Amino acid sequence: MYAANHWGGSLEITNDDHEDNENNRRIKQEDMDKASLYNIQNHQSGTLDETQQSWLLDPNEANRKKSKTRYVDLGCIVVKRKVLKWTVIGVLVAFLVIGLPIIIAKSLPKHKSRPPPPDQYTEALHKALMFFNAQKSGKLPKNNGIRWRGNSGLQDGSDATDVKGGLVGGYYDAGDNTKFHFPMSFAMTMLSWSVIEYEHKYKFIKEYDHARELIKWGTDYLLRTFNSSATKINHIYGQVGGSQNGSTTPDDHTCWERPENMDYKRPTQMITTGADLGGEMAAALAAASIVFKDDTAYSKKLVQGAATVWKFARDEGKRSRYSKGNPFIEPYYNSTGYYDEYMWGSAWMYYATGNASYLWLATNEGLPRHAKALLDNPSQRVLSWDNKSPAAMLLLTRIRLFLNPGYPYEGMLSKYQTATSLTMCSYLPQYQVFNRTRGGLIDLGQGRMQNLQYVANAVFLASLYADYLDAANLPGWNCGTTFVSKDTLRKFATSQMDYILGKNPMDMSYVVGYGKKYPTHVHHRGASIPNNNVRYSCKGGFRWMSTGKPNPNILTGAMVGGPDRFDKFRDVRSNHSYTEPTLVGNAGLVAALVSLTATGGEGVDKNSIFSAIPPLYTPAPPPPPPWKP
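Residues numbered from 1 in each chain as written. Predicted model: local features only at pLDDT ≥ 70, side-chain atom pairs only at ≥ 80, totals over all residues. Heavy atoms only, no water.

The cut-off we apply is this: UniProt positions are given in the numbering used here, feature names are shortened, and annotations may be inferred rather than shown by experiment.
The name given to the protein chain in an unreviewed UniProt entry is Endoglucanase, with the source organism recorded as Centaurea solstitialis. UniProt, in the comment section headed Sequence similarities (unreviewed entry), describes the protein chain in these words: "Belongs to the glycosyl hydrolase 9 (cellulase E) family." According to the UniProt record, the Catalytic activity (unreviewed entry) comment for the protein chain reads "Endohydrolysis of (1->4)-beta-D-glucosidic linkages in cellulose, lichenin and cereal beta-D-glucans."

Next comes the structure, spelled out in structure tokens:
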């Protein structure tokens, strides 16, 4: 039988007889090995192994015989029962381990995590700010927080007929009840500067609103001391109250009375020539205008007032010291010049307005020459209410570091930065510019008492300059040929502040209310007289000044005058050199403390102070449109 072979040739199918086939199989079997023969025999006997069976049987049937695996039809998918079982178990375990705790945690009432504990500088700062609340004059707000203080000085300025509402408000200067406007203005400038640089810290420790309220209490009052709505003025009221040396008339020094009980005349001092007073008041109002830049109306009012009083300061006919020949001022806050206020005030006016004419004046070489700011004189390195040069030069160095205005300002700005660097070098012990007590306190007062106010100011300048260098990505500065890291400056600042706060030979904190041991006989009328509804007369109050008992009222946050140059301190009320606090001293303390605290973060706010300054360079024109054929 033949069939067609599509691959070529024939495909033959034959029917040979059975014997030939059997013979052929026998011959083939003889040629095979025993193993192969065994397999064939098994096949012939009908016994097949599993693999062989799988070749012949239906695959599904073989699998069913090999394993009893069961499946579940879920409709869209068929899965093994074991897989489904372990999947369900896994989901339940995951729910118990992960899901259930999350549900429980979310159902419980939420508790905010505690903030990190404040460092020692933050604790001291809270108290230092309270001192200003205790020094307020006028009608006090209900939330003033000093229970032993009340309304006072409500008739102040009644003899100043051209001042609407009189001169009510402001701050008492120290332990007496006098309002000295020159140091008061400087204190407000320092507070404003600290808020501008360290706004984020004030906010974090929840003192931002408090600090602004203290500044506004001062600037509202300063705006009353002259006609701030006018464009030109011919006088300023420079003081309320006070005393003359040798006076027997009842006044702020011959009487020891609480401010609330003052029953003597408090004359005002009209200043018709006073470039220093005008320059400092302009600085205070201009700096505050930056603090309140979010309050547009008030900020503009401050700038307007600053511009008016600045014109008074720059008037050629007014260029004289405000204290000259005035017996109510000269023995207490006698200004030695006004060119440092010109440097200081013009710098702040530039920051507040962006008017380049102020920067041009601030960098005019005549100002530092007359102020003797660039002389290698230790006294010129000490920032105080009477010498603003170190602060003014640091403030102008800030412009060079972060704005780099170039010509025509670069030459003088470079000199200011060099002078600032030398000031920082003078603070370091290895250069021996200033003496130090055995306890390590730098003697910036050069043997004079009440040294701590100068030390606090130096701490602020040093700490602030270190932050400026950090913000400018500079590792340090040069003292001659020696490179000094900014960390060295910070160590100086912390060592001096730690001394003030108690790390000293007396083991005493010189900030009232801070630490376990602090002065309790502070030279202060309001703190030393009990608030017991008894009105003590002018002379009758001296029984409280001379008593050896501690003050009945704690003047929280007051930094006293401090120890002498031998680290000795006498906690006696009658010696004001040791125990009297001042407004300017505490302003420097607040600024120093906020610069050092790390509770609210680190560094300065580099840009917000420049918000009123327009771009210094003409922006490049936009590129032309792309060419089209």
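### Description of the sheet that holds strand β6 (residues 236-240)
Cut-off, in case you're wondering: A pair of strands is considered paired only if DSSP assigns at least 2 bridges between the two. Think of it this way: any DSSP run of H or I at least four residues long counts as a helix, any run of E at least two long counts as a strand, and we number them from the N terminus.
Pairing within the open sheet is antiparallel, and its three strands lie in the order β5-β6-β7. The open sheet has two edge strands with one neighbour each: β5 (179-180) and β7 (268-271). Bridge count for β6 against β7 is four bridges, and the pairing is antiparallel. Bridge pairing in β7 places Ile236 opposite Ile271.

### A short note on the packing of helix α11 (residues 296-314) against helix α12 (residues 339-353)
Short version of the rule: For every element, the axis is a line fit to its C-alpha atoms; helices are fit only across the contacting stretch, and the angle between N-to-C directions ranges from 0 to 180 degrees. Working rule for angles: under 35 degrees goes down as roughly parallel, over 145 as roughly antiparallel, 65 to 115 as roughly perpendicular, anything else as oblique. For any pair of crossing helices, the crossing counts as left-handed if the nearer helix is rotated counterclockwise from the farther one by less than a right angle, and right-handed if it is rotated clockwise. Between two residues, a contact is recorded if the distance between any of their heavy atoms is within 4.5 Å. All amino acids are sorted into three groups, where Ala, Val, Leu, Ile, Met, Phe, Trp, Tyr, Cys and Pro are nonpolar, Asp, Glu, Lys and Arg are charged, and the leftover types, Gly among them, are polar.
Taken N-terminus to C-terminus, the directions of α11 and α12 make an angle of 150 degrees; their axes are 11 Å apart at the nearest point. When the axis of α11 is compared with that of α12, the two are roughly antiparallel. The interaxial crossing formed by α11 with α12 has left-handed handedness. The residues of α12 that touch α11, namely those facing Val303, Ala306, Ala307, Trp310, Ala313 and Arg314, are Glu341, Tyr342, Gly345, Ser346, Met349, Ala352 and Thr353. Classifying every residue of the contact of α11 with α12 by side-chain character gives eight nonpolar, three polar and two charged.

### Details of a nonpolar patch on the surface
Heads up, the rule is: The patches reported here contain residues having more than 30% relative accessible area and no salt bridge. Joining distances are 9 Å for like charges and 5 Å for nonpolar side chains (Val, Leu, Ile, Met, Phe, Trp, Tyr). Note that accessible areas follow from Shrake-Rupley with a 1.4 Å probe, and for residues the cover is restricted to the protein chains shown. Any carboxyl oxygen of Asp or Glu within 4 Å of a side-chain nitrogen of Lys or Arg constitutes a salt bridge here. Residue burial is assigned from relative accessible area. The probe radius is 1.4 Å, only protein chains are included, and a residue is buried under 20% of its type maximum, exposed over 50%, and partly exposed in between.
A cluster of nonpolar side chains, Trp86, Ile89, Val93, Leu96, Val97, Ile98 and Ile102, forms an exposed patch at the surface whose accessible area comes to about 700 Å². Relative to the helices and strands, Ile98 resides in helix α5 (residues 81-107). On the basis of relative accessible area, Ile98 is assigned to the exposed category, the value being 52%.

### Concerning the state of the cysteines
Condition: Cysteine sulfurs are considered disulfide-paired once they come within 2.5 Å of each other.
The full count for this structure, using the stated rule, is two disulfides. Here Cys255 is linked by a disulfide to Cys538, with a sulfur-sulfur distance of 2.0 Å. Of note, the bridge from Cys255 to Cys538 carries an S-S torsion of about -90 degrees and is left-handed in sense. Taken together, the positions of Cys255 in the loop between β6 and β7 and Cys538 in the loop between α19 (525-528) and α20 (542-546) put the pair 283 residues apart, joining distant regions of the chain. Its relative accessible area of 14% is what places Cys538 among the buried residues. Each sulfur of the disulfide joining Cys425 and Cys479 lies 2.0 Å from the other. Because the torsion about its S-S bond is -100 degrees, the bridge between Cys425 and Cys479 counts as left-handed.

### Overview of the pattern of salt bridges
As a working rule, side chains carrying opposite charge can pair if their charged atoms are close by. Under the criterion given, the structure shown has 17 salt bridges. The partner of Arg212 in a salt bridge is Asp294, and the shortest N-O contact between them spans 3.1 Å. Of this pair, Arg212 sits in helix α9 (residues 208-224) while Asp294 sits in the loop between α10 (275-291) and α11; the two residues are 82 residues apart in sequence, bridging distant segments of the chain. With relative accessibility at 13%, the residue Arg212 sits in the buried group. Judged by relative accessible area, which is 55%, Asp294 ranks as exposed. Salt-bridge contacts for Arg490 lead to Asp487; the nearest nitrogen and oxygen are separated by 3.8 Å. Of this pair, Arg490 and Asp487 both sit in helix α18 (residues 486-500), separated by three residues, roughly a single helical turn. With a relative accessible area of 25%, Arg490 lands in the partly exposed category. One network of salt bridges, with partners in common, ties together Asp156, Lys179, Asp252 and Arg266.

### Here's the deal with the packing of helix α7 (residues 181-197) against helix α22 (residues 583-596)
Closest axis-to-axis distance for the α7/α22 pair is 8 Å, and the angle between their directions is 10 degrees. Classified by the angle their axes make, α7 and α22 are roughly parallel. Between α7 and α22, the residues in contact are Pro183, Met184, Phe186, Ala187, Met190, Leu191 and Ser194 and Leu583, Val584, Ala587, Gly588, Val590, Ala591 and Val594, respectively. For the contact of α7 with α22, the class distribution of residues is 12 nonpolar, two polar and no charged.

### Topic: the environment of Ser389
When you line up the elements, Ser389 lands in helix α15 (residues 389-402). Accessibility expressed as a relative area gives 0% for Ser389, which makes it buried. Between the C-alpha atom of Ser389 and that of Trp344, which follows or precedes it by 45 residues, the distance is 7.0 Å. Contact partners of Ser389, with chain neighbours within four places excluded, come to Asp340, Met343, Ala371, Ala373 and Gln380.

### Some points on α18
Cut-off, in case you're wondering: By definition here, a helix of n residues has an expected span of 1.5 Å times n minus one.
With 15 residues, α18 should reach 21 Å at 1.5 Å per residue; the first-to-last C-alpha distance of 22 Å fits that figure. Residues of α18 that are buried: Lys486, Leu489, Phe492, Ala493, Gln496, Met497, Asp498, Tyr499 and Ile500. Buried residues along α18 sit in contact with α6 (120-134), α16 (410-427), α17 (452-471), β8 (476-479), β9 (482-485) and α22. At the C-terminal side of α18, Gly502 shows a positive phi close to 135 degrees.

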